[in-house]
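# Results of the structural survey
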Amino acid sequence: MKIKVKSPANIAFIKYWGQRDSHFILPYNDSFSMNLSHCITEITIERLNDDHKKEVFLEDYLTKKVIPIQQERLEKIIDYYYLIKKFVDKKDDFGFRIFSKNNFPIKSGIASSASFYSALALGFSYLFMEKNLPEKNLSILARLSGSGSACRSIPDGFVWWKKGKNSKTSYAYSIAPPKYWDLVDLVLIVSEKEKIVGSQEGHQKALTSPFFKLRLTDLKRRIKEIKDAFLKKDFEKFGQLIEEEALSLHFVAMTQIPPLYYWSGKTIEIIKEIVYLRKKNRFGFFTIDAGENIHLICQKKDEKFFFQYFSQKKEIKKMIINYPTIGARLWEVKEN
Ligand code: PMV
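Bear in mind the structure is a predicted one, so any value in this text is a computation, not a measurement. (Residues numbered from 1 in each chain as written. Predicted model: local features only at pLDDT ≥ 70, side-chain atom pairs only at ≥ 80, totals over all residues. Heavy atoms only, no water.)

## Observations concerning the nonpolar core
Among the nonpolar cores identified, the biggest contains 73 residues, and Phe-13, Leu-120, Phe-124 and Phe-238 are the most heavily contacted of them. Sort the elements by how many residues they give to this core and helix α2 (residues 112-129) lands first, with 11 residues. Beyond its immediate stretch of four places on either side in the chain, Phe-13 contacts Phe-32, Ser-33, Met-34, Phe-158, Leu-183, Ile-226, Phe-238, Ile-242, Glu-245 and Ile-297. Among the nonpolar cores identified, the runner-up in size contains 29 residues, and Leu-188, Val-252, Trp-263 and Phe-306 belong to it. (Core = buried A, V, L, I, M, F, W, Y, C linked by side-chain atoms within 4.5 Å. Buried < 20%, exposed > 50% of the residue type's maximum accessible area, 1.4 Å probe, protein only. Helix = DSSP H or I, 4+ residues; strand = E, 2+ residues; numbered from the N terminus. Contact = heavy atoms within 4.5 Å.)

## As for the pairing of strand β10 (residues 183-189)
Of all seven residues that make up β10, seven are buried, and the element is covered over most of its length. By the alternation rule, side chains of β10 split into Leu-183, Asp-185, Val-187 and Ile-189 and Val-184, Leu-186 and Leu-188, which are all buried. The pairing of β10 with strand β12 (residues 294-299) spans six bridges and is classified as antiparallel. Residue pairing for β12: Leu-183 is matched across the bridge by Gln-299. As paired elements, β10 and strand β13 (residues 318-322) share five bridges and run antiparallel to each other. If you follow Val-187 over to β13, its bridge partner there is Ile-320. (Pairing = 2+ DSSP bridges.)

## A short note on the environment of Gly-265
Relative to the helices and strands, Gly-265 resides in helix α7 (residues 265-279). For the pair Gly-265 and Glu-315, spaced 50 residues apart in the sequence, the C-alpha separation amounts to 9.5 Å.

## Here we look at the site of the ligand
Taken together, 13 residues surround the ligand, and among them Tyr-16, Ser-149, Arg-152, Gln-200 and His-203 come closest. Here an oxygen atom of the ligand and a side-chain polar atom of Ser-147 are 3.4 Å apart. Within the contact set of the ligand, an oxygen atom lies 3.4 Å away from a side-chain nitrogen or oxygen of Asp-289. Starting from 380 Å² of accessible surface for the ligand in isolation, the protein chains cover 96%. In terms of residue class, the shell around the ligand is made up of three nonpolar, seven polar and three charged. (Near = heavy atom within 4 Å. Polar contact = N/O pair within 3.5 Å; in protein donor to acceptor, adjacent residues only side chain to side chain. Areas by Shrake-Rupley, 256 points an atom, 1.4 Å probe, with all protein chains shown as cover. Nonpolar A, V, L, I, M, F, W, Y, C, P; charged D, E, K, R; others polar.)

## Let's talk about the side chain of Ser-153
As for its placement among the helices and strands, Ser-153 is situated in the loop between α3 (135-143) and β8 (158-161). Judged by its relative accessible area of 0%, Ser-153 falls in the buried class. Ignoring anything within four residues of it in the chain, the contact list for Ser-153 reads Ser-7, Pro-8, Ala-9, Asn-10, Asn-35, Ala-114, Ser-115, Ser-118, Gly-327 and Ala-328.

## Concerning the pattern of salt bridges
Summed over the entire model, instances satisfying the criterion amount to 24 salt bridges. The salt bridge involving Asp-93 is made with Lys-85; its shortest N-O contact spans 3.2 Å. Looking at Asp-93, the relative accessible area reads 29%, which means it is partly exposed. Relative accessible area serves as the criterion here: at 14%, Lys-85 is assigned to the buried category. Measuring nitrogen to oxygen at the nearest pair gives 3.4 Å for the salt bridge that ties Glu-225 to Lys-237. Here Glu-225, found in helix α5 (residues 212-232), pairs with Lys-237, found in helix α6 (residues 235-255); they are 12 residues apart in sequence, far enough to count as distant. A single network of salt bridges, built from pairs that share partners, joins Arg-215, Asp-218, Arg-221, Arg-222, Glu-225, Lys-237, Glu-244 and Glu-245. (Salt bridge = Lys/Arg side-chain N within 4 Å of Asp/Glu carboxyl O.)

## Some details on the packing of α5 against α6
At a minimum axis separation of 10 Å, α5 and α6 run at an interaxial angle of 160°. The angle between α5 and α6 falls in the class roughly antiparallel. The way α5 lies across α6 gives a crossing that is left-handed. The segment α5 lies against α6, with Phe-212, Arg-215, Asp-218, Leu-219, Arg-221, Arg-222, Glu-225, Ile-226, Ala-229 and Phe-230 engaging Lys-237, Phe-238, Leu-241, Ile-242, Glu-244, Glu-245, Ser-248, Leu-249 and Val-252. Grouping the amino acids of the contact of α5 with α6 by side-chain chemistry returns 10 nonpolar, one polar and eight charged. (Axes fitted to C-alpha atoms, helices over the stretch in contact; angles between N-to-C directions. Parallel < 35°, antiparallel > 145°, perpendicular 65-115°, else oblique. Left-handed = near helix turned anticlockwise from the far one by under 90°.)

## Quick word on the environment of Ser-264
Here Ser-264 shows up in the loop between α6 and α7. C-alpha of Ser-264 to C-alpha of Arg-73: the two residues are 191 residues apart in sequence and 27 Å apart in space. Ser-264 has contacts with Val-190 and Glu-292, leaving out every residue within four places of it along the chain.

## Quick look at unusual backbone geometry
In this model, Ile-257 is joined to Pro-258 through a cis peptide bond whose omega is -5°. Mapped onto the elements, Pro-258 comes out in the loop between α6 and α7. Even without a glycine there, the phi angle at Lys-64 is positive, about 65°. Mapped onto the secondary structure, Lys-64 falls in the loop between β5 (54-59) and β6 (66-68). For Gln-71, which is not a glycine, the phi torsion comes out positive at approximately 50°. Mapped onto the elements of the fold, Gln-71 is located in helix α1 (residues 71-87).

Set out below in structure tokens:
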């Protein structure tokens, strides 16, 4: 059997930073995101009879060369395969050959691990069960991959990850379909280089920041306010809150030990531009994940303006326009 799965990256408006349980990947706080229509991982998994054969190939986003994944990265995927086998309670093993490609740069703050691991959760579980797992279980499984935010790429549209009390109650669900709000995430890419420190390492040290506790206290209010702004589709209030949230995460990251500075000078230049444009009544707001690239959130009516404006900026290498979209999907099933 050979299957094809597609899954989107997601951008968090309320972010996950810090793990209260690093084995079960349980977060300290709820988070809230939107799936990205043009940041997609597509994987094909071929089930092989030889259960010792476990191969993964990745198409490099820049060179389009197909590279075999080796060592720790491969081991992590094989470990995840065994975790899924246990989760779905199956006895028999199978071999696999995975081919993965992305239409956006990986490891640069555009959640490529979320799209990859959510696709893998769906793909492996389908090959074990020969049917789809219920969405809630799939989301739990994606969370257990280690890239917790992968759980938010499973449901459709705008997605809430509740921190839950334990592993069974920490999962993501859709709070609104993609059509609910015509938001745009214009990813302003200032660098396509892979970051040096991954979010996994970042989560482990979050508590060493003196601002972490303050962030958690502040989040109670921010979460209440963002829910309200989302319900009312109050874009300016919503935008103000997502910026506040991104800054709060990065203040923690920059003050943890060892400190993590994901931003570059170019990131700051772009942030300043976005703030300046608001003075001219052009309402866009920034959010930034674990990388130096900027996600500019605007409304559909302003997309063209921002696209043209930032096309002329020397700092920007590339832009990706994203709309809210559906979550991970099984795309094709071929029996040999
Ligand atoms: O799910 P991880 O371990 O890749 O961490 C995600 C961390 C952020 O992207 C910075 C925040 C988030 O909630 O997506």
